[in-house]
Amino acid sequence: MKTLTVSVVTPDGPVYESDAEMVVAKTLEGELGILPRHIPMVAPLKIGAVRVKNANNTDLVAVSGGFLEVRPDKVTILAQAAETPKDIDVTRAEEARKRAETRLQSKQDDVDFRRAELALKRAMNRLNVAKRS
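Residues numbered from 1 in each chain as written. Predicted model: local features only at pLDDT ≥ 70, side-chain atom pairs only at ≥ 80, totals over all residues. Heavy atoms only, no water.

**Things to note about helix H2 (residues 113-132)**
Helix length check: H2, at 20 residues, gives a terminal C-alpha distance of 28 Å against a target of 28 Å (1.5 Å per residue), a fit within 8%. Inspection of H2 places Ala116, Ala119, Leu120, Ala123, Asn125, Arg126, Leu127, Val129 and Ala130 among the buried residues, and these make up the whole buried set. Residues of H2 that are buried in the fold lie against strand E5 (41-54), strand E6 (57-71), strand E8 (82-83) and helix H1 (90-105). (Helix = DSSP H or I, 4+ residues; strand = E, 2+ residues; numbered from the N terminus. Expected span 1.5 Å × (residues − 1). Buried < 20%, exposed > 50% of the residue type's maximum accessible area, 1.4 Å probe, protein only. Contact = heavy atoms within 4.5 Å.)

This is the structure we're talking about:
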């Protein structure tokens, strides 16, 4: 079966590299499945889990936005932040979730609700990826 190379890179360096039969990611336009020899494209990513499928195995990578670049034989994800399940600190993610929920529930005028909402989404994504692996 044909494969493509998948790379997930952050400003801090590479996070994940593997060959895959299929990659599934959440873009701003919806979920996108990529197979080898896919048409070249670039798409902005939402906060979510990238699924990398190979044979009977599916790897997950939690990404916090960024861009997906597709070439016929390679998928590169340039993410603001990304973590594999083994790198996720579940305690820290749980604390971040609680802080974000507290901020969203507060009725103070100085709370940036959009920022708190994004923090909650990032924390929930990390927790979901950690639990699903």
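**Topic: a nonpolar patch on the surface**
Taken together, the side chains of Val42, Phe67 and Leu78 present a nonpolar region at the surface, about 300 Å² in accessible area. Along the chain, the position of Phe67 falls in strand E6. (Patch = residues over 30% accessible without salt bridge, like charges linked within 9 Å, V, L, I, M, F, W, Y side chains within 5 Å. Areas by Shrake-Rupley, 256 points an atom, 1.4 Å probe, with all protein chains shown as cover. Salt bridge = Lys/Arg side-chain N within 4 Å of Asp/Glu carboxyl O.)

**A look at unusual backbone geometry**
In this model, Arg37 sits at a positive phi of 70°, which is unusual for a non-glycine residue. Tracing the sequence through the fold places Arg37 in the loop between strand E4 (30-34) and E5. Within the chain, Ala55 stands out as a residue other than glycine whose phi angle is a positive 55°. As for its position among the elements, Ala55 is in the loop between E5 and E6.

**Some thoughts on the pattern of salt bridges**
For the structure on display, the rule yields 7 salt bridges. Residue Lys86 pairs with Asp87 through a salt bridge whose shortest N-O separation is 3.5 Å. Under the relative-accessibility criterion, Lys86 is labelled exposed at 72%. Salt bridges linked by common partners bring Glu94, Arg97 and Glu101 together as one network.

**A look at the pairing of E6**
As paired strands, E5 and E6 are joined by 13 bridges and run antiparallel to one another. Directly across from Val42, in E6, lies its bridge partner Glu69. Note: E6 against strand E7 (residues 74-79), 6 bridges, orientation antiparallel. Bridging from a neighbouring strand, Arg71 pairs with Lys74 of E7. (Pairing = 2+ DSSP bridges.)

**Here we look at the nonpolar core**
Note on soluble globular proteins: their nonpolar side chains tend to be buried together. Val23, Ile34, Val63, Leu68 and Ile77 are the most contacted members of the largest nonpolar core, which has 20 residues in total. Contributions of two or more residues to this core are made by strand E1 (4-10), strand E2 (13-20), strand E3 (22-27), E4, E5, E6 and E7. For this core, the element with the highest residue contribution is E6, accounting for 4 residues. Apart from residues no more than four positions distant in its own chain, Val23 is found in contact with Leu4, Val6, Leu32, Gly33, Ile34, Val50, Arg51 and Val75. In this structure, Ala49, Ile88, Val129 and Ala130 belong to the second largest nonpolar core, which totals 6 residues. (Core = buried A, V, L, I, M, F, W, Y, C linked by side-chain atoms within 4.5 Å.)

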